[in-house]
Amino acid sequence: MTLPPDVWSVPLALRMALRQGGFSLDVAWEGRCRLLGLFGPSGSGKTTLLEVAAGLRRPQTARIAVGDAVLRDTSAGIDVPIRERGIGYVPQDSALFPHLGVRGNITYGAERGKAVPLQPILAMLSIEPLIDREVSDLSGGERQRVALARAMVSSPRLLLLDEPLSAVDVPLRRRILESLGDWVTMARVPTLHVSHDAGDLQVATDHVLILREGHLAGEGSASEL
Amino acid sequence: MTGELLGIIQLTVLVALAATLVMLPPGVALAWWLARSRSPLTSIVETLVTLPLVLPPVATGYLLLRLLGRRGLLGGVIDRIGVDVIFTWRALVIAMVVMGLPLVVRAARAGFEQGTRRFEQMAETLGAGPLRVFFTISLPLARRSVLAGALLGFSRALGEFGASIVVAGSIPGETRTVSLAMYGFLETGRDGDAMRLVAVSLVIALAAVWLSNRLVREGA
């Protein structure tokens, strides 16, 4: 893929083959990435691809690299531990720590790298009033925004978003996605964004990979979806 | 309630508390390891830890006596350090720990297996190392099961008899716990005192089991 030369991006390698139970994922893609969308029907392997990139699933063969950092290369025997991959992962169910409050969740990964200013992220996601609340008091959309903040605050090298705002109402979601694009460029964090919603991907991605039955079935700009 | 009975109850509660504190760290560590490890050693360790639950307590006591006695595997070392173990409160604590440990491990393991793995992985993606994950995620999420296990271990320690009498005897003021005293009273015709100790044991056991069940229910 070709991004305009004035748009910041990094080289990304996503090569993986995984067979688990009756499911197999076989994807090979390399290119430059700023905001890369993953689109496809349920069961096409989008979540599995993110989990392999995060190190949560162990593929039979893989080469996953972000810029100069190789996270997994089975042929070279490289397997960076999950905690050292520098991943900001937002899973579909948010997976907020139930025993920590909103502040405890958002700041959990803040020790990892350079200090990321909290306030602009809270404002961008409209969650400032939630900061002293308990996780159990949040709605689905609020939980998703807190999970996104937690990933952004952790100074990630790669952001992995799995339907990150599916429970947020459309106007707010679109506004957040537009701001996310600016934040990604400013913070220089390449992002993989899984969504069922072509409209969301048009707002928040430069390029989209289409997965079907565990294989790369096509790619192009989001407007071509 | 006479001073003698109060002394027996006090000694029993103190020693059982000490045993619970001693059995908690290894019990929780073992439970976490058994819940997470894929090593083939887990089945061997699990069997060894569970053994005191099914072995006759007197047999466990005898094995401890062979291990901790002066000519035993550990007894020689302990003897050289100059610490008396057999027929002291220390032997009592050891017997209670061995008998209570399986209960702590089983309860805590159930807690670590009830969906804490996903949150541990999330913490890892956020850069947390193994110790930070354990103390900030795994243990707090499994705390109710760990507490329930501690209560069961404490209750088991309170009622310990078979292993204790072999390694610690029944020395008044030193190793005579409620269970050992109850047996002694029944043998010497002091049925009234035995009955009083039965009543106290019943109250403590009921409270511990009720609290333990409540913790497990609320944690589920």
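Refer to the preceding data block for the structure.
Source: prediction; values computed, not measured.

What counts and how
- Residues numbered from 1 in each chain as written.
- Chains lettered and ligands numbered in written order.
- Predicted model: local features only at pLDDT ≥ 70, side-chain atom pairs only at ≥ 80, totals over all residues.
- Helix = DSSP H or I, 4+ residues; strand = E, 2+ residues; numbered from the N terminus.
- Rg over C-alpha atoms; globule rule 2.2 N^0.38 Å.
- Buried ≥ 20, exposed ≤ 12 C-beta atoms within 10 Å, placed from the backbone.
- Contact = placed C-beta atoms within 7 Å.
- Core = buried A, V, L, I, M, F, W, Y, C linked by C-beta atoms within 7 Å.
- Nonpolar A, V, L, I, M, F, W, Y, C, P; charged D, E, K, R; others polar.
- Axes fitted to C-alpha atoms, helices over the stretch in contact; angles between N-to-C directions.
- Parallel < 35°, antiparallel > 145°, perpendicular 65-115°, else oblique.
- Left-handed = near helix turned anticlockwise from the far one by under 90°.

(A) Region of interest: the overall build of chain A. Of regular secondary structure, chain A possesses six helices and 11 strands. For 225 residues, the compact-globule estimate of 2.2 N^0.38 gives 17 Å, and chain A sits close to it at 17 Å. C-alpha extents for chain A along the principal axes are approximately 45 × 35 × 35 Å. Going through the 225 residues of chain A one by one, you find that 45% of them count as buried. Considering only intrachain contacts with a sequence separation of at least 6, the fraction spanning at least 24 residues in chain A is 71%.

(B) Looking closely at unusual backbone geometry. All names here are of chain A. A positive phi is found at Ser-126, a non-glycine position, where the angle reads about 55°. Along the chain, the position of Ser-126 falls in the loop between α3 (118-124) and α4 (140-153). Judged by the 15 C-beta atoms lying within 10 Å of it, Ser-126 falls in the partly exposed class. The phi dihedral of Glu-213 is positive, around 50°, even though this residue is not glycine. Among the secondary structure elements, Glu-213 is positioned in the loop between β10 (207-212) and β11 (215-220).

(C) Molecular detail of the nonpolar core. Ranked by internal contacts, the top residues of the largest apolar core, which has 67 residues, are Ala-95, Met-96 and Val-167 of chain B. Residue contributions to this core peak at 16 residues, all from helix α5 (residues 89-113) of chain B. Not counting chain neighbours up to four residues away, the residues in contact with Met-96 of chain B comprise Val-15, Ala-16, Ala-19, Ala-157 and Glu-160 of chain B. By size, the runner-up hydrophobic cluster in this structure holds 60 residues, among which are Val-90, Leu-125, Leu-159 and Val-184 of chain A.

(D) The arrangement of the interface of chain A and chain B in detail. Contacts between the two partners involve 14 residues from chain A, matched on the other side by 14 residues from chain B. Taken together, the residues that form the side of chain A that touches chain B break down as eight nonpolar, three polar and three charged.

(E) Spotlight on the packing of helix α6 (residues 117-125) of chain B against helix α7 (residues 130-141) of chain B. Residue and element names in this part refer to chain B. Put simply, α6 and α7 touch, their axes get as near as 10 Å, and they point 160° apart. Classed by the angle they form, the pair α6 and α7 counts as roughly antiparallel. Considering only the axes of α6 and α7, their crossing is right-handed. Two secondary-structure elements touch here, α6 through Phe-119, Glu-120, Ala-123 and Glu-124 and α7 through Val-133, Thr-136, Ile-137, Ser-138 and Leu-141.

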